[in-house]
Amino acid sequence: MRITTDQIQDFNKAFKQDHQKQFQFLQGQLEIKGIDTEEVIEKLQQFQVAIPSWALGAGGTRFGRFSFGGEPATLEQKMEDVGLIHALTQSAGAISLHIPWDTPRDPAAIKEFAGALGLAFDAMNSNTFQDQVDQKHSYKFGSLCHTEAATRAQAVQHNKEVIDIGKYLGSKSLTVWLADGSSFPGQLNFRKALEHTLDSLKEIYAHMPPDWKLFIEYKPFEPNFYSTVIQDWGTSHLLANECGENAYCLVDLGHHLPNTNIEQIVATLLWRGKLGGFHFNDSKYGDDDLTVGAIQPYQLFLIFNELVYGMFRNPSGNPSPAWMIDASHNLKDPLEDLIQSLEAIRLAYAQALIVDHQALEQAREENDVTKAQEIIQESYRTDVRPLIREARLRSKGAIEPLSYYRKTSIRQQLIKIRGLETVATGL
Ligand code: RM4
Ligand code: MN
Ligand code: MN
C-alpha cells in the first residue's frame, strides 16, 4: 500500500487556510524576538529519524501481547509501513534493521525496494541477547563478555555478518546493545567481563569499513537485574575510546535509572565528540519504551536544548548523531504511535531552535538564575506546531498526518490486505 503526493496534497486543501493564519501569527511573534523562522523550518525539514524494523508490530510485555491486526509479516511489509509514515510526515526516511529478526532473504530486491520507497538504511543492529535455532553456543550467560572464548567468537562473528549485510545495503553503522551482565551478586567477575567485552568489540570494530561507525549502547539493568556489563555512559565512553575514532556512545532515553540528568550526559558526550546515536522513547520507571514525549516532554526539550547548543551554537566537531525511535507499542497502533513520536521529537527540536541562546549565555555568565529559567521556559511554552506543519507542507507531507491516517482508514486497509492474524517479528 502506498500514499501518493497528490493524495496528500488533496487532503491538505481542507487544512491550508487555518494553517496559514496560525503560521503567520507565529511567524510574527517570532520575528519580534529576532528569530529567523526560515532557518528553523529548513532545519526541521532536514531532520530525519529512523524507524526500527522491530517496532512495527504489536509489542508485548512478559505478561502478554495483544495483537491489533494488519501487522507487517515480512520485511517488505515493514518497509512499506515506514514508507507510509515517511510519506505522511516526511521525517522518517530511514529504517534500522535488527538481525536476525529482519535478515533480508533477497538483499538485492530489498535494496531496490528501499530505493523505490525513498528509504535509506540506518544503523544495523546485531542480536546476541537471544539464542537462535541451530546456534552452537548459548548466550544465556553472556555473549561478548562470555567466560568461554568460543561463545565470544561466535558473537563476534555474528556482528561481522551484520556489518557485511549492512555494507551491501548501504548502511554506515552498527549498533551493539548487549544483554550481558549478571542477576546475582557473585555471579560475574566484573573486570574479566569488561575486558572480554572490550576485546570482542575491538575485533568487531576492526571488521568495519573505514567510513562506518560503531555505536555502543548502555543500559543499567534488564534483562539482567544485578549488573550489566555496559551499565552507563561512562563505561560506553571508555569502550568507545579504546576501540577508536569511529566508535561512539549511543544514548537510549529509556536506559537510565530514574531521575538521571540525561541532558547533562548529552552535553558531555557532544563536547567530547562521542555522541554517535540516539534512541528516542519515553518512560516513567525503566525501559518503558513509551511514545516519545508522552511522559516527560520538558526533559526532551532540555535534551534538545543541549543538542542544539552542541551541534550548532558551540559545535565541537561531533558528527551529526544517528537519530532513531526505539519504542514498543503495547496499546496503540504502532503507526499512529510512531507518528506521535515523530511529532514530539520535532516539537522539542523546534522549541530548542528558538531558544535565545545569546541571552541565555549572558544570564548564565551573570548568574541570573531567574532570567535563565525564564529564557528557556519562554521557548518551551511557545506553541511551535504551526512551524512543524509548515515544514511538513513544504516537504510535501501531510499538514496533519494523524488525521490523514485516520480519515483514510489506513489500518483497516492494511487489515484487508494482510489479515487479522499476522505477527511481526521483533519486540
Ligand atoms: C534494548 C535496546 C536495544 C534494542 C533492543 C530490542 O532494550 O534498547 O536498542 O535493540 O532493546
Ligand atoms: Mn535502544
Ligand atoms: Mn531499550
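Use the structure listed above.
Keep in mind it's a predicted model, so treat the numbers as computed, not measured.

*Asks:* I keep staring at the packing of helix α3 (residues 75-89) against helix α15 (residues 410-418) and nothing clicks. Help me out?
*Replies:* Between two packed helices, both the angle of their axes relative to each other and the distance between the axes serve to describe the pair. At a minimum axis distance of 13 Å, the contact between α3 and α15 shows a crossing angle of 160°. Between α3 and α15, the crossing angle belongs to the class labelled roughly antiparallel. The way α3 lies across α15 gives a crossing that is right-handed. Between α3 and α15, the residues in contact are Q77, E80, D81, L84 and L88 and I410, L414 and R418, respectively. Each residue belonging to the contact of α3 with α15 can be placed in one class, and the counts come to 4 nonpolar, 1 polar and 3 charged.

*Asks:* It is not clear to me how the coordination of the manganese ion (ligand 2) should be interpreted in this structure. Could you clarify?
*Replies:* Octahedral metal centres with six donors ideally show angles of 90 or 180 degrees, and tetrahedral centres with four donors ideally show 109.5 degrees. Of the protein atoms, only E217 (OE), D252 (OD), H279 (ND1) and D326 (OD) coordinate the manganese ion (ligand 2), at distances of 2.1 to 2.3 Å. Considering all 6 donor atoms around the manganese ion (ligand 2), angles at the metal cover 72 to 167° and the coordination shape is octahedral. Along the chain, the residues donating to the manganese ion (ligand 2) fall in the pattern E-x34-D-x26-H-x46-D. Between the manganese ion (ligand 2) and the manganese ion (ligand 3), a separation of 4.0 Å is found.

*Asks:* Can you help me understand the packing of α3 against helix α10 (residues 334-353) in this one?
*Replies:* Look at α3 against α10: their axes get within 11 Å of each other, and the N-to-C directions meet at 40°. The orientation of α3 relative to α10 falls into the category oblique. In this structure, α3 meets α10 at a crossing whose hand is right-handed. Residues D81, L84, I85, L88 and T89 of α3 lie in contact with α10, whose contacting residues are L335, L338, I339, L342 and R346. Looking at the contact of α3 with α10, its residues break down into 7 nonpolar, 1 polar and 2 charged.

*Asks:* Got a minute to help me understand the coordination of the manganese ion (ligand 3) in this structure?
*Replies:* At 2.2 to 2.3 Å from the manganese ion (ligand 3) lie its protein donor atoms, namely H255 (NE2) and D287 (OD). The exposure class assigned to H255 is buried, which follows from its relative accessible area of 4%. The buried category is assigned to D287, whose relative accessible area is 18%.

*Asks:* Is there a simple way to explain the site of ligand 1 in this structure?
*Replies:* The immediate surroundings of ligand 1 are formed by 11 residues, with H98, E217, K219, H255 and D326 found nearest. Interatomic distance of 2.7 Å between a side-chain N/O atom of E217 and an oxygen atom of ligand 1. Contact between ligand 1 and H255: an oxygen atom at 3.1 Å from a side-chain N or O atom of the residue. Compared with its free state, where it exposes 290 Å², ligand 1 has 95% of that area covered by protein.

What counts, and where the lines are drawn
Residues numbered from 1 in each chain as written. Chains lettered and ligands numbered in written order. Predicted model: local features only at pLDDT ≥ 70, side-chain atom pairs only at ≥ 80, totals over all residues. Heavy atoms only, no water. Axes fitted to C-alpha atoms, helices over the stretch in contact; angles between N-to-C directions. Helix = DSSP H or I, 4+ residues; strand = E, 2+ residues; numbered from the N terminus. Parallel < 35°, antiparallel > 145°, perpendicular 65-115°, else oblique. Left-handed = near helix turned anticlockwise from the far one by under 90°. Contact = heavy atoms within 4.5 Å. Nonpolar A, V, L, I, M, F, W, Y, C, P; charged D, E, K, R; others polar. Donors = N, O, S within 2.8 Å, 3.2 Å for Na, K, Ca; no water. Tetrahedral: all angles 85-135°; square planar, octahedral: opposite > 155°, others 65-115°. Buried < 20%, exposed > 50% of the residue type's maximum accessible area, 1.4 Å probe, protein only. Near = heavy atom within 4 Å. Polar contact = N/O pair within 3.5 Å; in protein donor to acceptor, adjacent residues only side chain to side chain. Areas by Shrake-Rupley, 256 points an atom, 1.4 Å probe, with all protein chains shown as cover.

Honestly, it's all geometry; don't read function into it.
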